[in-house]
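Geometric and topological summary
Listed below, chain by chain, are the residues.
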Amino acid sequence: TGKNDNKPTSPNPHTGLPPAVASGPRMNATFVTLARNNDVWEIARSIRQVEDRFNRKYNYDWVFLNDQPFDDTFKKVTSALTSGNTKYGVIPEEHWSFPDFINQTRAKNVREDMAARKIIYGDSVSYRHMCRYESGFFFRHPLMLDYEWYWRVEPSIELFCDINYDTFKYMADNNKKYSFVLSLYEYVETIPTLWDSVKGFMKEHPEHVVEGNSMQFLSDDGGNTYNHCHFWSNFEIGNLNWLRSPAYIDYFNKLDRDGGFFYERWGDAPVHSIAAGLMLKKEEIHFFNDIAYYHVPFTHCPTGEQTRLDLKCHCNPKENFDWNGYSCTSRYFELNSITKPEGYEKEQ
Ligand code: GDP
Ligand code: MN
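For the structure given in this document, a descriptive report is provided here.

Rules and cut-offs
- Residues numbered from 1 in each chain as written.
- Chains lettered and ligands numbered in written order.
- Predicted model: local features only at pLDDT ≥ 70, side-chain atom pairs only at ≥ 80, totals over all residues.
- Heavy atoms only, no water.
- Helix = DSSP H or I, 4+ residues; strand = E, 2+ residues; numbered from the N terminus.
- Rg over C-alpha atoms; globule rule 2.2 N^0.38 Å.
- Buried < 20%, exposed > 50% of the residue type's maximum accessible area, 1.4 Å probe, protein only.
- Expected span 1.5 Å × (residues − 1).
- Arc of directions from axis to C-beta.
- Contact = heavy atoms within 4.5 Å.
- Polar contact = N/O pair within 3.5 Å; in protein donor to acceptor, adjacent residues only side chain to side chain.
- Near = heavy atom within 4 Å.
- Areas by Shrake-Rupley, 256 points an atom, 1.4 Å probe, with all protein chains shown as cover.
- Nonpolar A, V, L, I, M, F, W, Y, C, P; charged D, E, K, R; others polar.

Turning next to the overall build of the chain. When you go through the chain residue by residue, the secondary structure sums to 13 helices and twelve strands. The C-alpha radius of gyration of the chain comes to 20 Å, within 12% of the 20 Å expected for a compact globule of 348 residues. If one aligns the C-alpha atoms of the chain with their principal axes, the spans along those axes are about 55 × 50 × 40 Å. Counting only residues that meet the buried cut, the chain has 58% of its 348 residues in that class.

Set out below in structure tokens:
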């Protein structure tokens, strides 16, 4: 098909949109969205922004995944908005259901208890399947096996600045495996024993914990306790081969067995972040200051006025979350001894 090899030269056959204007080779990469049929108008907004700011220049593919078959409206609307090829996948039931080792009564009691304590999504079964799927399975979906790189896009996000280079190629050229734009502290009620499970994993698989990792981002006491910092996973650009590696799979299987996706409400954000923090070298995690992003309720608006002007950004820098006390992004800068972008003090 050649889609991933080189710049397309003729209009996209299914949308009639003009070919990508950017020159040079394409990476083996795709956008990936998990969504329900009734998310169609919210994902339509996200797609339009991603296309306007980035993908109309590159025409990368877009994979849509759902636990139910996508309906015709969803397919029609989304494929009309995308410049690359679209693919629609149903999630196999064994990746979106309770594993047999989960005690249903215990899981139900937890949901009732969390509902009474008003913990966000605490009573939801589907949210738990979603978090487990994003933690351990999306990268193994048959449609994803063709790709090496992914960019996760959720409904109702915004992109506020032009992206004038190939972010996938940037990741590859600079040896990056995982990236983020926003970081914050997780609600401790949703993950009370996650770190115990992680410690169990580190003990069972010391060979997967790499030298020069980002433990300092995750823990203030050398790994004894978790400080709840995580990268917000509703935005991710990352390497699928890393997620499919024995190290990551051993990690996911250990966490899954411990049951916290159902006996607590472990989110895929801390699960991915802890994996990246322990199993990647710290230089392999990238912060995209120049990707301006919103997902309710937080905004990443690039620090540095010249950057915002050059990239034709339409975000309000006062809404930038990076240097707020609830963000963990400062820790990332300190750990990596990176100079903070010019003007950050003014935004604190
Ligand atoms: P939040 O960002 O944590 O509030 O959670 P979202 O509601 O945005 O869900 C995260 C992602 O999973 C989004 O891309 C949703 O479209 C998707 N999602 C959530 N629940 C389901 C579900 O039950 N089925 C499907 N197919 N997708 C879901
Ligand atoms: Mn969301």
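Let us keep going from here.
An α-helix turns once per 3.6 residues; consequently, residues spaced three or four apart project the same way. End to end, helix α3 (residues 104–116) covers 18 Å across 13 residues, agreeing with the expected 18 Å (1.5 Å per residue, within 8%). Of the positions making up α3, those classed as buried are Ala107, Val110, Arg111 and Met114. Along the long axis of α3, the arc covered by the buried residues comes to 100 degrees, so they all point the same way. Counted as exposed and oriented over 90 degrees from the buried face of α3: Thr105 and Ala116. Contacts from the buried residues of α3 go to α4 (125–136) and α10 (260–263). Between the side-chain oxygen at the start of α3 and the backbone nitrogen of Thr105 there is a gap of 2.9 Å, and the oxygen is on Asn103. Looking one or two residues beyond α3, the residue adopting positive phi is Lys118, at roughly 55 degrees.

As a matter of local geometry, ligand 1 sits amid 14 residues, with Leu34, Asn66, Asp67, Tyr121 and Tyr127 nearest to it. Here a nitrogen atom of ligand 1 sits 2.8 Å away from a polar atom, N or O, in the side chain of Asp67. Interatomic distance of 2.5 Å between a side-chain N/O atom of Tyr127 and an oxygen atom of ligand 1. Taken by itself ligand 1 offers 570 Å² of open surface, and the protein chains cover 85% of this. If you tally residues by element for the shell around ligand 1, the top one is α4, at three residues. For the shell around ligand 1, the residue count by class is seven nonpolar, three polar and four charged.

Secondary-structure assignment places Leu65 in strand β2 (residues 61–66). Measuring from C-alpha to C-alpha, the distance between Leu65 and Gln49 comes to 20 Å, with 16 residues separating the pair along the chain. With residues near it in sequence (within four places) discarded, Leu65 still touches Val32, Thr33, Leu34, Ala35, Phe70, Gly89, Ile91, Tyr133, Phe138, His141 and Leu143.

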